[in-house]
Amino acid sequence: AQQQAHAQAQARAQEEAQRRAQAEAHAQAQRQAQAEAQRRAQAQAEAQAQAQRQAQAAAQAQRQAQEQAQRQAQQQAHAQAQARAQEEAQRRAQAEAHAQAQRQAQAEAQRRAQAQAEAQAQAQRQAQAAAQAQRQAQEQAQRQAQQQAHA
């Protein structure tokens with residue numbers, strides 16, 4: 001009876017030890033699973049943070065590219081406006097030079113016409129003076145002829 005009781009007690013002790021070992025193994029497996037889950041969650045959080053940083057960097061690069069394009073467009077518009085203003089100024093200068101040349105040509109033509117008119121008037125006066133001198137010479141000769149006939 002004592003041996004049987006002893007054997008039963010040993011069997012119970014073994015079962016208890018086995019149960020504790022299983023419980024310990026189970027607890028360790030749970031701890032490992034939790035640690036694994038935590039590691040995965042951290043890795044996922046890091047991946048999300050990385051993706052967010054990349055998205056921000058891409059957005060910033062796009063914004064900078066847009067600003068650069070806008071600045072270039074403004075510079076190009078400014079250069080075009082300057083070129084148009086220069087063309088307009090050149091066109092005005094050419095028109096002014098043309099008008100001035102026309103005015104000079106008109107003044108020159110007017111001066112020539114006036115000189116020609118003065119030359120014609122001079123020639124007419126000379127012709128009149130020559131005709132008058134001829135008439136006076138004829139009258140003189142006629143008078144002399146009458147005097148001679150009278151004498």
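Scope of this entry: the structure provided in the associated data block. (Residues numbered from 1 in each chain as written. Predicted model: local features only at pLDDT ≥ 70, side-chain atom pairs only at ≥ 80, totals over all residues. Heavy atoms only, no water.)

1. Things to note about the overall build of the chain
Line of reasoning, step 1. Secondary structure assignment for the chain yields 1 helix and 0 strands.
Line of reasoning, step 2. Here the chain has a C-alpha radius of gyration of 65 Å; the compact-globule value for 151 residues is 15 Å, and the former is much larger.
Line of reasoning, step 3. Seen through its principal axes, the chain has C-alpha atoms that stretch 220 × 5 × 5 Å.
Line of reasoning, step 4. Here the chain, with 151 residues, has 0% of them falling under the buried criterion. (Helix = DSSP H or I, 4+ residues; strand = E, 2+ residues; numbered from the N terminus. Rg over C-alpha atoms; globule rule 2.2 N^0.38 Å. Buried < 20%, exposed > 50% of the residue type's maximum accessible area, 1.4 Å probe, protein only.)

2. Section: the environment of Ala51
Line of reasoning, step 1. Structurally, Ala51 can be placed in helix α1 (residues 2-150).
Line of reasoning, step 2. Classification of Ala51 by relative accessible area gives partly exposed; the value is 42%.

3. Let's talk about the environment of Arg143
Line of reasoning, step 1. Secondary-structure assignment places Arg143 in helix α1.
Line of reasoning, step 2. Residue classification places Arg143 among the partly exposed positions, given a relative accessible area of 44%.
Line of reasoning, step 3. A distance of 2.9 Å separates a polar atom in the side chain of Arg143 from a polar atom in the side chain of Gln140. (Polar contact = N/O pair within 3.5 Å; in protein donor to acceptor, adjacent residues only side chain to side chain.)

4. Some details on the pattern of salt bridges
Line of reasoning, step 1. For the structure on display, the rule yields 10 salt bridges.
Line of reasoning, step 2. With its nearest N and O atoms 3.4 Å apart, the salt bridge here joins Arg40 to Glu36. With a gap of 4 residues between them, Arg40 and Glu36 both fall in helix α1, about one helical turn apart.
Line of reasoning, step 3. A relative accessible area of 56% places Arg40 in the exposed class.
Line of reasoning, step 4. Through salt bridges with shared partners, a single ionic network connects Glu16, Arg19 and Arg20. (Salt bridge = Lys/Arg side-chain N within 4 Å of Asp/Glu carboxyl O.)

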